[in-house]
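Working through the structure, step by step
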Amino acid sequence: MSTFLEEFPQAEGLLYLNHAAVAPWPRRSAEAISRFAQQNVALGARDYPQWVSVEDRLRARFQRLLNAPSVDDIALVKNTSEALSFVAQGLNWAAGDQVVISDEEFPSNRIVWEALQPLGVEVVKVSLTVEDPEAALLAACGPRTRLLAVSCVQYASGLKLDMARLGAGLKAQGILFCIDAIQQLGAQPFDVQAYDCDFAMADGHKWLLGPEGLGVFYCRERVRPTLALREFGWHMVERMGDYSRTDWEPARSARRFECGSPNMLGTMGLEASLGLLEEVGMPEVARLIEARIQQLSEGLSAIPGVQQHQPADPARRAGILTFSAAGKDHQALWRQLMDAGVVCIPRGKGIRLSPHFYTSPAIIDQALGIIDKLARQ
Ligand SMILES: Cc1ncc(COP(=O)(O)O)c(C=O)c1O
């Protein structure tokens, strides 16, 4: 564990509990990016093939992280919203088609579907504040439902849904399944095959510990040809690099979603960050996060007037815990916490805390001490 702490030489006094927003980079990722910068200054792109091999490694890491059947199912994209837009804008909608989402999705996974309204597509929003949210989502699907799109972990409440159960239920009805994976990927194991999903997407700057602006889009092989393409260029064709050829066809692989030059700078950082997660191992990452969430939850329970809003059942949680303090305005309390070094964010019904695997129990204790003091004031 100590070697992993060395990967996060954060500023003295910083209590970083905001990985569900934007995470700090590990040391190795910063070094990879800085080496890349130096190389660009000294040599330009002379060694471009080496960069491509880092990109290949990144794709392979994503394949393992998602348990995708093939590396060909992986596209590198700008962000979650772009990948969601590839799905929303690529499907062949008919007036009257329905998309089912929840009523607490992050705006990315709502706006892309609402934008289809001019085509006559209806967005059905399902409340998850019920005893059996998966049953509620599946019950909302009917003969007109083409697709269900949910975040596997809700960004504000932290509620984790049972993706395998949803996948099985949707398969039985022939409905497409799209998962916004950003609040789970890098925090807990993820498995597109076990979930039987058609699409999954995430950006790299939260639990994956990478820079902003580079994410992943998993697109199941058999649905890939049914998604009309909306972006075109030299990089998305089957015979990439044969610039004198005038005929072309989209790449059979998910590279068809990558229209032009890659984000090499981001690739250097994210590949290193995923390397760290793979070294620790996702089961261990998940175990450590669960322990920190438990520690936070127990500590908060002992503070008078503090209410927690995340699910009580650990199986329903990932890395997010949201709390409020009686009589305290969220914004004001949040500013006080930030001033005291606790990096967090107001979300949903209160203030969201999100530790990662490397967050030490001592950091959690310090943060709890500060919350206790401020909540009692
Ligand atoms: C559930 C969820 N989806 C998507 C995003 C962000 O999307 P993007 O990667 O497009 O910035 C966030 C960021 O907070 C999120 O919590």
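Residues numbered from 1 in each chain as written. Predicted model: local features only at pLDDT ≥ 70, side-chain atom pairs only at ≥ 80, totals over all residues. Heavy atoms only, no water.

Let's shift gears to the sheet that holds strand β7 (residues 199-203). Sheet strands line up and pair through hydrogen bonds in the backbone, either parallel or antiparallel. If you walk across this open sheet you meet the 7 strands as β2-β8-β7-β6-β5-β3-β4, and the pairing is mixed. A single partner strand is all that each edge strand has here, and the edge strands are β2 (74-77) and β4 (122-126). Taken over all neighbouring pairs, the strand axes of this sheet differ in orientation by 20° on average, direction set aside. Here strand β6 (residues 176-180) pairs with β7 via 3 bridges, running parallel. Its bridge partner lying in β7, I179 is registered against A200. (Pairing = 2+ DSSP bridges. Helix = DSSP H or I, 4+ residues; strand = E, 2+ residues; numbered from the N terminus. Axes fitted to C-alpha atoms, helices over the stretch in contact; angles between N-to-C directions.)

Further remarks concern the pattern of salt bridges. Counted according to the given criterion, the structure contains 26 salt bridges. Note that E55 and R59 form a salt bridge whose closest N and O atoms lie 2.5 Å from each other. With a gap of 4 residues between them, E55 and R59 both fall in helix α3 (residues 48-66), about one helical turn apart. For E55, a relative accessible area of 5% corresponds to the buried category. Taking relative accessible area as the criterion, R59 reaches 11% and is therefore assigned buried. Linking R61 and E278 is a salt bridge whose minimum nitrogen-to-oxygen distance equals 2.5 Å. (Salt bridge = Lys/Arg side-chain N within 4 Å of Asp/Glu carboxyl O. Buried < 20%, exposed > 50% of the residue type's maximum accessible area, 1.4 Å probe, protein only.)

As a matter of local geometry, the ligand sits amid N79, T80, S81, F106, S108, S151, Y155, D180, I182, Q183, D203 and K206. A distance of 2.6 Å separates an oxygen atom of the ligand from a polar side-chain atom of T80. Between the ligand and Q183, the relevant distance is 2.9 Å, taken from an oxygen atom to a side-chain nitrogen or oxygen of the residue. Bound to the protein, the ligand loses 88% of the 400 Å² it would expose on its own. The residue makeup of the shell around the ligand, split by class, is 3 nonpolar, 6 polar and 3 charged. (Near = heavy atom within 4 Å. Polar contact = N/O pair within 3.5 Å; in protein donor to acceptor, adjacent residues only side chain to side chain. Areas by Shrake-Rupley, 256 points an atom, 1.4 Å probe, with all protein chains shown as cover. Nonpolar A, V, L, I, M, F, W, Y, C, P; charged D, E, K, R; others polar.)

Let us look at the sheet that holds strand β13 (residues 350-353). The antiparallel open sheet is built from 4 strands, whose spatial order is β9-β10-β13-β12. In this open sheet, the two strands that pair with only one neighbour each are β9 (306-308) and β12 (345-347). Taking each pair of neighbouring strands and ignoring which way they run, the sheet shows an average axis angle of 40°. Bridge analysis of β9 against strand β10 (residues 321-325) gives 3 bridges, and the strand direction is antiparallel. If you follow Q308 over to β10, its bridge partner there is F323. Contacts between helix α10 (residues 282-301) and the sheet are confined to β9, β10 and β13, with β10 contributing the most and set at about 15° to the helix. Each of β10, β12 and β13 is contacted by helix α11 (residues 330-339), which is oriented at about 35° to β13, the strand it contacts most. (Contact = heavy atoms within 4.5 Å.)

A separate point is the domain arrangement of the protein chain. By a frequent convention, interface size equals the accessible area lost on bringing the separate parts together. Under the domain assignment used here, the protein chain contains domain 1 (2-25 + 281-376) and domain 2 (29-279). Taking only C-alpha atoms into account, the centre of domain 1 sits 27 Å from that of domain 2. Between domain 1 and domain 2, the contact holds 33 residues from the first and 32 residues from the second. Summed over both sides, the interface of domain 1 with domain 2 buries roughly 2,500 Å², with 64% coming from carbon and sulfur. When the area that domain 1 buries against domain 2 is broken down by residue, the three leading residues are W25, M282 and R316, summing to 29%. Where R316 meets E134, a salt bridge forms, and the shortest distance between an N and an O atom there is 2.6 Å. Linking domain 1 to domain 2 there are 12 residue pairs in polar contact (both at pLDDT 80 or more). Looking at the side of domain 1 that touches domain 2, its residues break down into 19 nonpolar, 9 polar and 5 charged. (Domains from an automatic or database assignment. Buried area = accessible area lost by both parts, 1.4 Å probe.)

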